[in-house]
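Understanding the architecture of this molecule
Single-letter residue listing:
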Amino acid sequence: MKKTRRFMALLLTATMISLVTVGCTSKAPDSPSSVAPAATQASKGSESDDHEEVVLEVQIVDTNWAEAWNEMKATFENEYPWITLESVGAQQNFDAFISTRLAAQDLPALIKITSSDIYLNMVEEGYIRDVSGLDCVANIPDKFREAFTHNDIEYGVTQGASFSALYVNMEALKEAGWEAPPADWAQFIQCCKDIKEKTDYAPFLFNGDHATICYMVYELLLANCLKSPEEAAAYQEALVNGTFDFAAYPEICQKMNELIPYIMEGSSSTAQDDAVAVMADGGAAMLLGGNWVSASALEAIESYTGIEGSGKAIFPPFNDPGKPLWISTSTEAGFGLTKQDDPKISEAADIFFNWIFEPENFKIIQNARGTVPVLTNMASDQIVLHEGIKDLVSQVNNLDSVMMGYNFYTAEFKDGACTALRDVYSGNASIEEAVKTMTQLLSQYHN
């Protein structure tokens, strides 16, 4: 029986952040690798002469921690001087890069990985190794390990837990007459209206080039139409089996039409780094994104205003007045190992993979990105969260939520649905047309 992230939805939604301490410092091969080599604890430093030199290609570096990569690379290579790390694909779309390298039968040894079809297919076809024998997984809670299990193959280790957030330039809101962020949908729309009429800021920005965020706008509107965890579970199950009717919630269309006049022009095709740059230039007042962009988004706001604390993260207030707030949550993308013909490459990859998830090393990534790690052996003083988002981490478990859509939909649906939604955000199509298209796509492309 197939076992994937898709079927871990209720468990992860209910308990995803419970292990995080909040009081943090501020700021086709043969077969799927049941035959993968076990972790090798190779000797370090002075014994490097005993090892043949290896160049290890890794595709794990996001632009939001690219500078920290230099520290990670230098630290690791100092400990293991016979292994040279080479980052590839960092400036490209990860899925497109992997598709190209897969077609060429030339995969990097370590890759960034999600539960999207391309990676699950790679698991089934034996290109991705089972990491369950590696030492580092002992410090990952079972629910997060199960979330990266498919066909009984543990195909990756997550970087952490994620949730939706809205990054607010409080100086922009004050200029529009708001001393506090909006607390519900009615206030949010009024705040957008005031910002548009009283300031030079665009009210609302998101990086729609990223499919997760493109769908998140719709997803949050939908989530706040749900009335119970059981209804959320039914929605998630219907995404998997292709039976969800996107037209069943007409209030989403009404809210989307209220929102569209306040979306910054170009949001539908804006990349993550460009969205952060817009905030750093004072182009927009509010940015929708995942918590994985918290550090860069909040620092961008404070860089523009010159005022510490002027950037604030809140949960997107898409709830009706007086109604409970719903958000979207997920595991973060993880890292995985690909099957390599050269055993020296596989051994080096095992060493680096285990090394990454040692707390003193993983903090290089976490401190740069401001994400929420799930390593059980990571101390609170190793975790850095920006002051502007710390309060949210403690609240996530108390909110109702849906799992982010990419845990459920297929690549074909994702591409078609995001195209339809981008047309809506750009004013080139109606949301009513988009929901019809999305329903048709889902019935045709599902799991």
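That block above? That's the structure.
Note that this is a predicted model, so its numbers are computed, not measured. (Residues numbered from 1 in each chain as written. Predicted model: local features only at pLDDT ≥ 70, side-chain atom pairs only at ≥ 80, totals over all residues. Heavy atoms only, no water.)

If you check the backbone angles, Q105 has positive phi at about 55° while not being a glycine. When you line up the elements, Q105 lands in the loop between α3 (94-103) and β4 (110-113). On the basis of relative accessible area, Q105 is assigned to the exposed category, the value being 53%. Phi at D152 takes a positive value of approximately 65°, unusual for a residue other than glycine. Judged by relative accessible area, D152 falls into the exposed class, the value being 58%. (Helix = DSSP H or I, 4+ residues; strand = E, 2+ residues; numbered from the N terminus. Buried < 20%, exposed > 50% of the residue type's maximum accessible area, 1.4 Å probe, protein only.)

This next bit is on the nonpolar core. In this structure, L56, L110, Y218 and F352 are the most contacted members of the largest nonpolar core, which totals 137 residues. Tallying contributions element by element places helix α8 (residues 211-223) first for this core, with 11 residues. If near-sequence neighbours (up to four positions away) are discounted, L110 is found in contact with L56, E57, V58, Q59, I60, G336, L337, A349, F352, F353 and I356. In this structure, V88, L107, I118 and Y155 belong to the second largest nonpolar core, which totals 18 residues. (Core = buried A, V, L, I, M, F, W, Y, C linked by side-chain atoms within 4.5 Å. Contact = heavy atoms within 4.5 Å.)

It is worth spelling out the pattern of salt bridges at this point. Enumeration over the complete set of coordinates arrives at 13 salt bridges. With a shortest N-O distance of 3.6 Å, K174 and E171 are connected by a salt bridge. With K174 and E171 both in helix α6 (residues 170-175) and 3 residues apart, this pair spans about one turn of that helix. Looking at E171, the relative accessible area reads 26%, which means it is partly exposed. Across the pair K193 and E197 runs a salt bridge whose closest N-O atoms are separated by 3.0 Å. Here K193 pairs with E197, and both are found in helix α7 (residues 185-198), just 4 residues apart, close to one helical turn. K193 gets classed as partly exposed once you look at its relative accessible area, which sits at 31%. Connected through shared salt-bridge partners, E57, R101 and D106 make up one network. (Salt bridge = Lys/Arg side-chain N within 4 Å of Asp/Glu carboxyl O.)

On to the sheet that holds strand β7 (residues 157-158), then. One open sheet holds the 5 strands; their spatial order is β3-β2-β4-β13-β7, and the pairing between them is mixed. Lying at the two open borders of the sheet, with one neighbouring strand each, are β3 (83-87) and β7. Each of β2 (54-59) and β3 touches helix α2 (residues 66-79); the most contacted strand, β3, lies at about 165° to it. (Pairing = 2+ DSSP bridges. Axes fitted to C-alpha atoms, helices over the stretch in contact; angles between N-to-C directions.)

As a further point, take the side chain of T371. Along the chain, T371 turns up in the loop between α14 (359-369) and β14 (384-385). Using a relative accessible area of 0% as the deciding quantity, one classes T371 as buried. Sequence-distant contacts of T371, that is, excluding residues within four places in its chain, are made with N291, W292, E332, Q366 and L385.

Our next topic: the packing of aromatic side chains. Inspection of every chain in the model, using the stated rule, returns 27 aromatic pairs. Residues F148 and Y155 carry aromatic rings whose centres are separated by 5.5 Å and whose planes lie at 55° to one another, so their mutual orientation is tilted. Comparing F148 with Y155, the two get one shared label, buried. Here the aromatic residues Y215, Y218, Y235, F244, F246, Y249, Y409 and F413 are joined through ring pairs into a cluster of three or more. In this structure, K112 is placed above the aromatic ring of F94, and the distance from its NZ or CZ to the ring centre is 4.7 Å. (Phe/Tyr/Trp six-rings, centres within 6.5 Å; stacked < 30°, edge-to-face > 60°. Lys NZ or Arg CZ within 6 Å of the ring centre and 35° of its normal.)

Another point: the state of the cysteines. One pass over the structure, following the stated rule, counts 0 disulfides. Free cysteine: C191, not disulfide-bonded; nearest cysteine sulfur from C192 at 6.0 Å. The class for C191 is buried, based on a relative accessible area of 0%. (Disulfide = S-S within 2.5 Å.)

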